[in-house]
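Residues per chain are reported as follows:
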Amino acid sequence: MLSIVAIVIALASAVAAFGLWRSARRANEIAAKAVAIDASRRHEERTPEFDVNITERSATPDHALMTVKLVQPAHVDEVVIKILDEAAVDHWGHGRPDGVTEQQAKSFVWGRWEFNTGASEQIVDNRTTRPRRYSRGNGKDSDILDLVKTRPGHWMNDMAQKTWERERSGPVRLSFECVIDGGESWQVSYDVQVKLRPGDS
């Protein structure tokens, strides 16, 4: 009789212990989820924001100036700006035309504007700027970047420049890759319409 009572007590204890373990595990899962949500919220709140404008120069219409100014936070340790291809079209989806190398395809911008490769102190190539620290504290919170118009690809059967430009009338698509505090990172996108400066000469 005593052995049966002992078994019942042992089973009850095991059930209670299992219940406590499940409750603790559930509490830990809830706490971990809350921490992750809070971290995600704080990360989103710290997302860098920039004021970006692009103005075509009427005196030299093949060039445009992109002004970039940090709005928030007070500083960003590293910013790399990339020019993206126009949206919603995969131009290389069926492969590259004859005579177009992988490197040529990678550097070719399907859009109206690219970085001026003559400004080598600021850029790596026609798509990408060099890493740059922005800080509102020391006044180095802005940049002026020179853009030039793209040209039709050599494989495009002598497409006219005006035709190319007319077909690339959308905004300049930009990606800002940002790093703060040595590791926390963001990718911020902007679609910027190019404006003509009135009375520029």
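Anyway, here's the lowdown on the structure attached to this text.

What counts and how
- Every chain begins its residue count from 1, and numbering advances along the sequence as written.
- In view of the model being predicted, local features appear only for residues whose pLDDT reaches at least 70, and side-chain atom pairs are presented and counted only at 80 or more, with totals across whole chains, interfaces and linings using the full set of residues.
- The basis for every side-chain value is the complete set of non-hydrogen atoms in the structure, without hydrogens or water.
- In DSSP terms, a helix is any run of H or I states spanning at least four residues, a strand is any run of E spanning at least two, and both are numbered starting from the N terminus.
- Three labels apply to residues, based on accessible area from a 1.4 Å probe with only protein chains included: buried if under 20% of the type maximum, exposed if over 50%, partly exposed otherwise in between.
- By definition in these notes, contact holds between two residues if any of their heavy atoms fall within 4.5 Å.
- Under the convention used here, a 1.4 Å probe and the Shrake-Rupley method define accessible areas, while residue burial counts only the protein chains that appear.
- We define the nonpolar core as a collection of buried residues of types Ala, Val, Leu, Ile, Met, Phe, Trp, Tyr and Cys that are connected through side-chain atoms lying within 4.5 Å of one another.
- For two strands to pair, DSSP has to find at least two bridges joining them.
- Only the stretch in contact is used when a helix axis is fitted, and all axes are lines through C-alpha atoms; the angle between N-to-C directions ranges over 0 to 180 degrees.
- Pairing of aromatic rings covers Phe, Tyr and the six-membered ring of Trp, with a centre-to-centre limit of 6.5 Å; geometry is then stacked below 30 degrees between planes, edge-to-face above 60, and tilted otherwise.
- Each salt bridge in this description consists of a side-chain nitrogen of Lys or Arg and a carboxyl oxygen of Asp or Glu lying within 4 Å of one another.

Another aspect to go through is the overall build of the protein. Looking only at helices and strands, the protein features three helices and nine strands. In sequence order, the secondary structure elements of the protein are arranged as α-β-β-β-α-β-β-β-α-β-β-β. Counting every position in the protein, which comprises 201 residues, the buried fraction comes to 29%. Summarising the internal contacts of the protein: among those between residues at least 6 apart in sequence, 66% fall at separations of at least 24. About 12,800 Å² of surface is accessible on the protein, with carbon and sulfur atoms providing 54% of the total.

Phe 50, Val 52, Met 66, Val 68, Ile 81, Leu 174 and Phe 176 are the most contacted members of the largest nonpolar core, which totals 27 residues. The set of elements that each furnish at least two residues to this core consists of strand E1 (49-56), strand E2 (63-72), strand E3 (75-83), strand E4 (113-115), strand E6 (142-149), strand E7 (172-180) and strand E8 (184-192). Tallying contributions element by element places E7 first for this core, with five residues. With sequence-adjacent residues up to four places away left out, Val 52 is seen in contact with Met 66, Thr 67, Val 68, Leu 174, Phe 176, Tyr 190 and Val 192. Trp 92, Val 100, Phe 108 and Met 156 belong to the second-largest nonpolar core, a separate cluster that totals eight residues.

Overall, mixed pairing links the five strands, which are arranged E4-E6-E2-E1-E9 in an open sheet. If you trace the sheet from one side to the other, it starts and ends with E4 and strand E9 (194-196), each paired once. Neighbour-to-neighbour, the strand axes of the sheet open up by a mean angle of 35 degrees, direction not taken into account.

With that settled, consider the packing of aromatic side chains. The final tally for this structure, using the stated rule, is nine aromatic pairs. With 4.8 Å between their ring centres and 35 degrees between their planes, Phe 50 and Phe 176 make a pair best called tilted. With Phe 50 in strand E1 and Phe 176 in strand E7, the pair connects residues that are 126 residues apart, well separated along the chain. For the residue pair Phe 50 and Phe 176, the accessibility class agrees, reading buried in each case. Aromatic pair Phe 108 and Trp 164: ring centres 5.6 Å apart, planes at 65 degrees, arrangement edge-to-face.

Another point: the sheet that holds E7. Strands sit in the order E5-E3-E7-E8 across an open sheet of four strands; the sheet is antiparallel. The sheet terminates laterally at strand E5 (132-135) and E8, the two strands that pair on one side only. On average, each strand axis in the sheet is tilted by 35 degrees relative to the strand beside it, whichever way the strands run. As paired strands, E7 and E8 are joined by nine bridges and run antiparallel to one another. Among the inter-strand pairings, Cys 178 is bridged to a residue of E8, identified as Trp 186.

The next thing to look at is the pattern of salt bridges. Pairing between side chains of opposite charge can happen when the charged atoms of each approach one another. Per the stated rule, a full pass over the model turns up 14 salt bridges. The shortest N-O distance in the salt bridge between Glu 165 and Arg 112 comes to 3.0 Å. In this pair, Glu 165 is assigned in helix H3 (residues 161-167) and Arg 112 in the loop between helix H2 (102-107) and E4, connecting sequence segments 53 residues apart. For Arg 112, a relative accessible area of 26% puts it in the partly exposed group.

The sheet contact formed by E1 and E2 spans eight bridges and is antiparallel. Paired with Thr 55 across the bridge in E2 is Leu 65. Count of turn residues in the E1/E2 antiparallel hairpin: six residues. Across three bridges, the pairing between E1 and E9 is parallel. Of the residues in E9, the one forming a bridge with Ile 54 is Val 194.

Let us look at unusual backbone geometry. The step from Gln 72 to Pro 73 runs through a cis peptide bond, and the omega angle for that step is -5 degrees. With respect to the element layout, Pro 73 can be found in the loop between E2 and E3. The phi dihedral of Ala 88 is positive, around 70 degrees, even though this residue is not glycine. Within the secondary structure, Ala 88 is located in the loop between E3 and H2. Residue Ala 88 is classed as exposed on the basis of its relative accessible area of 88%. A positive phi angle, close to 55 degrees, is found at Asn 157, a residue other than glycine. Turning to its location among the elements, Asn 157 is positioned in the loop between E6 and H3. Asn 157 gets classed as exposed once you look at its relative accessible area, which sits at 71%.

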